[in-house]
Amino acid sequence: MSTGASAPDFHTMQKHQEGAEIVVAQPWKRPDLADQPDLKKLNDELHDLRLDAGLPSARTIRDRVGKDAQDYWIVNHQAVLDTFQKPDLPPWGRLEMIARVLAEFARHSDVDGEVDRFKGLWKQVVRETVAQASVHPPADTTTSAGDDDVNDATAPSEGLPKQDTGDPNGHAAEEPPAGTETPTNASQNSAQFNYAHESLKGLILNAAQALWHDKDALKVFLGVVRRSEGFVRMADAAEEQRPANATFYGVKSREFEVDRSPARLELVTLHRRLDEHRLKRKWSFTDMEEQTGISSDAWIRWYTHDELPEREALVAFSHMASLPQEDHVLLLGLWDAAHDALEVQKRSASLPSNISFDEAWTMRDPAAPRLWALAGVGGDNLAAYGPDLASGTAPAFVVAGPAKSGRSTALVNIACSLLASGARLALATPRPSPLKELANRDGVVACFDQDDIGHDELEEALSVASAEEPVVVVMDDAEVLGECDARRVLRNLLEHGFEEGTALVLAGDEDKLGPSYPWLGKAKRAHRGLLLSPQERHAGDWIGIKTGDSVVGRPLTPGRGWLHLGDGKLMAVTVPR
């Protein structure tokens with residue numbers, strides 16, 4: 001969800017946050033779906049899930065889904081009611097968000113599994129609806145809801161998401177109690193949602209958007225569209241102004257959405273370079289088929305779906321376009337980079353979803369040195385990987401990621417592995433951290449649990465260190481200690497740790513670890529570390545490697561990380577729990 005509120009604890013009564021009025025939680029009226037058994041099953045399951053969640057109101061569901069970047073509700077409360085009460089198949093994007101919210105409210109152990117279950121039910125309804133549409137095609141109307149969709153997609157001034165209306169404070173009108181119908185136009189009540197018809201319109205809009213710069217191909221495409229009754233207006237509008245993606249309530253519809261490619265940066269650059277050469281020669285996709293022998297359908301699919309073209313297609317394009325050697329090398333280099341990013345993501349998807357520390361520990365190299373630390377499990381042969389803190393360019397290792405990404409869990413694994421190998425530790429936990437639970441373990445020489453570390457205290461803890469009996473400082477929330485009294489001791493550790501038998505493992509928020517703290521900046525010199533669900537490109541700077549779209553900006557996934565050991569290779573790993 002985007003910016004929804006935290007999940008409330010639902011009982012049989014709910015209280016509006018807008019005032020003191022108490023509203024009794026109650027079931028909503030179910031639509032008459034006797035002649036549509038698959039849709040009835042989907043609707044019944046949705047109502048049952050709402051019951052499990054404590055019968056949250058439409059506004060509560062709306063609030064949890066949240067608002068978009070323009071501060072509009074992604075799904076307003078009327079859309080929530082329609083999803084439950086109208087005898088129509090709701091768009092999957094809307095249903096997915098509502099099902100996820102309800103599953104979270106109901107505290108399901110597997111929220112994603114519950115959402116997948118509803119997707120299966122939804123697909124079954126789609127198959128039923130499309131089969132019916134193929135036998136009984138709907139009569140075309142010039143004032144269908146699809147025309148409104150065209151206006152939304154082609155006119156930015158009319159495409160704003162609709163807001164709840166009601167009181168001056170922006171609150172929506174009260175939702176109807178159980179047993180009452182939501183007021184709708186009679187013609188809308190009688191019209192059944194035709195998924196095949198609506199999906200076709202969305203696909204036409206997206207194809208027109210993708211073909212916008214190829215006027216020849218766009219003209220041919222829209223000419224074909226105009227042959228079908230009811231699509232003339234859409235074709236005219238799409239020819240006059242480039243349409244936006246098919247949308248509902250201000251966000252891109254997931255009905256027509258293609259999963260974001262992990263190599264998007266490389267693919268966008270590759271497509272842009274191809275477009276420059278194609279437009280320079282005024283080639284349409286049909287011309288490209290004639291020139292390269294690769295079908296125009298394949299070229300269009302690669303463009304519209306952010307897919308990686310076949311390497312042979314690029315070679316054929318480069319040859320027929322007589323590209324200079326440097327342009328030819330650049331295109332193939334971009335292809336190689338995109339291919340590598342896709343392979344990295346493929347290997348990440350093949351990793352186990354979770355693994356225990358004991359299991360991971362058995363996968364290590366038995367000959368690993370004393371200061372080898374377990375960071376994660378990965379690789380083609382599924383083995384344990386981590387840094388040797390006694391070697392490298394600096395005696396340090398950085399764990400970086402946003403809040404709730406699993407940094408503390410990764411630190412605990414590293415600390416346990418070092419203790420198991422006979423190393424001694426000095427722990428630093430300026431904020432509550434599971435790392436503090438190791439304070440009484442054998443081998444822990446000190447534990448600093450305040451938001452400052454004294455110079456003398458840390459110096460004393462490290463005074464027992466030697467090359468034969470090393471001491472490793474394991475620090476959580478390092479950004480809090482950037483200006484601590486012991487900063488000179490930490491800087492000396494990073495400069496002379498190899499000789500003195502000391503090392504540092506630190507974890508921090510990727511947005512708050514600042515180079516303004518000199519001793520923290522020196523930790524970068526190790527050029528190694530573990531990234532957990534990185535959201536910013538600069539996060540890779542902390543572990544000595546550049547990160548692209550294959551790594552950055554993806555959903556938070558505790559237990560998954562990207563490990564760099566200073567060799568220039570980024571490895572997907574599962575972090576033990």
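Remember, it's a predicted structure, so these values are computed and weren't measured experimentally.

1. A few points about the overall build of the protein chain
Logical step 1: The number of helices and strands found in the protein chain is 20 helices and 14 strands.
Logical step 2: A total of 577 residues make up the protein chain; the buried ones form 48% of that total.
Logical step 3: Expressed as a percentage of contacts within the protein chain between residues at least 6 apart in sequence, the contacts between residues at least 24 apart total 68%.
Logical step 4: Summed over all atoms, the accessible surface of the protein chain reaches about 28,100 Å², with 49% contributed by carbon and sulfur.

2. Topic: the nonpolar core
Logical step 1: Core analysis: the biggest nonpolar cluster contains 42 residues, and Leu458, Met475 and Leu506 have the highest contact counts within it.
Logical step 2: Beyond its immediate chain neighbours, meaning those up to four positions away, Leu506 contacts Phe397, Val398, Val399, Met475, Ala478, Leu513, Trp519, Leu520 and Ala523.

3. Details of a negative patch on the surface
Logical step 1: Together, Asp451, Asp452, Asp456, Glu457, Glu459, Glu460 and Asp485 give the surface a local cluster of negative charge.
Logical step 2: If you trace the backbone, Asp456 turns up in helix 18 (residues 455-462).
Logical step 3: Judged by relative accessible area, which is 54%, Asp456 ranks as exposed.

4. A few points about helix 12 (residues 285-292)
Logical step 1: Residues of helix 12 that are buried: Phe285, Met288 and Thr292. Considered in projection along helix 12, the buried side chains sweep an arc of 50° and stay on one side of the axis.
Logical step 2: Among the residues trailing helix 12, Gly293 stands out with phi positive, at a value near 80°.

5. Focus: the environment of Val551
Logical step 1: Mapped onto the elements of the fold, Val551 is located in the loop between strand 12 (529-531) and strand 13 (560-564).
Logical step 2: According to the relative accessible area criterion, Val551 is buried, its value standing at 4%.
Logical step 3: Ignoring sequence-local partners within four residues, the contact set of Val551 consists of Pro534, Trp562 and Leu570.

6. Observations concerning the side chain of Ser408
Logical step 1: Within the secondary structure, Ser408 is located in helix 17 (residues 407-420).
Logical step 2: For Ser408, a relative accessible area of 19% translates into the label buried.
Logical step 3: Contacts of Ser408, omitting those with residues within four sequence positions, involve Ser433, Pro434 and Asp476.

7. Topic: the environment of Phe84
Logical step 1: For Phe84, the location among the structural elements is in helix 3 (residues 77-85).
Logical step 2: For the pair Phe84 and Lys29, spaced 55 residues apart in sequence, the C-alpha to C-alpha distance is 8.1 Å.
Logical step 3: In this view, Phe84 contacts Trp28, Lys29, Pro31, Asn43, Leu46, His47, Arg50, Ile98 and Leu102; residues no more than four positions away in its chain are not counted.

8. Things to note about the pairing of strand 11 (residues 502-509)
Logical step 1: The element strand 11 is extensively covered by neighbouring structure, given that eight of its eight residues are classed as buried.
Logical step 2: Bridge count between strand 7 (residues 396-401) and strand 11: six bridges; the pairing is parallel. Of the residues in strand 11, the one forming a bridge with Val398 is Leu506.
Logical step 3: As paired elements, strand 10 (residues 471-475) and strand 11 share five bridges and run parallel to each other. Bridging from a neighbouring strand, Met475 pairs with Leu506 of strand 11.

9. Quick word on the packing of aromatic side chains
Logical step 1: Inspection of every chain in the model, using the stated rule, returns seven aromatic pairs.
Logical step 2: Taken together, a centroid distance of 5.2 Å and an interplanar angle of 85° make the contact between Trp299 and Trp302 edge-to-face. Of the two residues, Trp299 and Trp302 are both situated in helix 13 (residues 296-304); the distance of three residues between them amounts to about one turn of the helix.
Logical step 3: By relative accessible area, which is 0% here, Trp299 ends up buried.
Logical step 4: These aromatic residues form a ring-pair network of at least three members: Trp283, Trp299, Trp302 and Phe317.
Logical step 5: The cationic tip of Lys67 hangs over the ring face of Trp73; the distance from NZ or CZ to the ring centre is 4.6 Å.

10. Things to note about the sheet that holds strand 8 (residues 424-428)
Logical step 1: Here ten strands make up an open sheet; going across it, the order is 6-5-14-13-12-7-11-10-8-9 and the pairing mixed. Every interior strand has two partners, whereas the edge strands, strand 6 (383-385) and strand 9 (444-448), have only one. Across the sheet, the axes of successive neighbouring strands diverge by a mean angle of 25°, strand direction being ignored.
Logical step 2: In the packing of helix 18 onto the sheet, contacts are made with strand 9, strand 10 and strand 11, and the angle to strand 9 comes to roughly 165°.

11. Notes on the packing of helix 2 (residues 58-65) against helix 4 (residues 92-105)
Logical step 1: Relative to each other, helix 2 and helix 4 sit at 100°, their axes nearing to 10 Å. Looking at the two axes, helix 2 sits roughly perpendicular to helix 4. On helix 4, the residues touching Thr60, Ile61, Arg64 and Val65 of helix 2 are Met97, Ile98, Val101, Leu102, Glu104 and Phe105.

12. Observations concerning the pattern of salt bridges
Close approach of charged atoms allows side chains of opposite charge to pair.
Logical step 1: Counting across every chain of the model gives 21 salt bridges.
Logical step 2: Between Arg117 and Glu45 there is a salt bridge, and its shortest N-O distance comes to 3.0 Å. With Arg117 in helix 5 (residues 111-135) and Glu45 in helix 1 (residues 37-52), the pair connects residues that are 72 residues apart, well separated along the chain.
Logical step 3: Its relative accessible area of 34% is what places Arg117 among the partly exposed residues.
Logical step 4: Glu45 sits in the partly exposed class, given a relative accessible area of 23%.
Logical step 5: A salt bridge links Lys522 to Glu495; its shortest N-O distance comes to 3.2 Å. Here Glu495 lies in helix 19 (residues 487-500) and Lys522 lies in helix 20 (residues 518-523), a separation of 27 residues in the sequence.
Logical step 6: When its relative accessible area of 15% is taken as the criterion, Lys522 is described as buried.

13. What about helix 9 (residues 215-225)?
Logical step 1: All of the buried residues along helix 9 are Ala217, Leu218, Leu222 and Val225. Viewed along the axis of helix 9, the buried residues span an arc of 125°, placing them on a single side of the element. Projecting away from the buried face of helix 9 at angles above 90 degrees are the exposed residues Asp216, Lys219 and Val220.

14. As for the confidence of the model for the protein chain
Logical step 1: For the protein chain, the mean per-residue pLDDT works out to 79, and 77% of the residues sit at or above 70.
Logical step 2: Ranking the elements of the protein chain by mean pLDDT puts helix 6 (residues 145-154) last, at 38, and strand 10 first, at 97.
Logical step 3: A low-confidence stretch, residues 134-193 (pLDDT under 50), is modelled with 84 contacts involving residues beyond four sequence positions or located in other chains.
Logical step 4: Ignoring residues within four places in sequence, the model shows residues 246-258, a span with pLDDT below 50, making 40 contacts including any to other chains.

Procedures and definitions
Residues numbered from 1 in each chain as written. Predicted model: local features only at pLDDT ≥ 70, side-chain atom pairs only at ≥ 80, totals over all residues. Heavy atoms only, no water. Helix = DSSP H or I, 4+ residues; strand = E, 2+ residues; numbered from the N terminus. Buried < 20%, exposed > 50% of the residue type's maximum accessible area, 1.4 Å probe, protein only. Contact = heavy atoms within 4.5 Å. Areas by Shrake-Rupley, 256 points an atom, 1.4 Å probe, with all protein chains shown as cover. Core = buried A, V, L, I, M, F, W, Y, C linked by side-chain atoms within 4.5 Å. Patch = residues over 30% accessible without salt bridge, like charges linked within 9 Å, V, L, I, M, F, W, Y side chains within 5 Å. Salt bridge = Lys/Arg side-chain N within 4 Å of Asp/Glu carboxyl O. Lys, Arg positive; Asp, Glu negative; His and termini not counted. Charge placed at Lys NZ, Arg CZ, Asp CG, Glu CD. Arc of directions from axis to C-beta. Pairing = 2+ DSSP bridges. Phe/Tyr/Trp six-rings, centres within 6.5 Å; stacked < 30°, edge-to-face > 60°. Lys NZ or Arg CZ within 6 Å of the ring centre and 35° of its normal. Axes fitted to C-alpha atoms, helices over the stretch in contact; angles between N-to-C directions. Parallel < 35°, antiparallel > 145°, perpendicular 65-115°, else oblique. pLDDT = per-residue confidence, 0-100.

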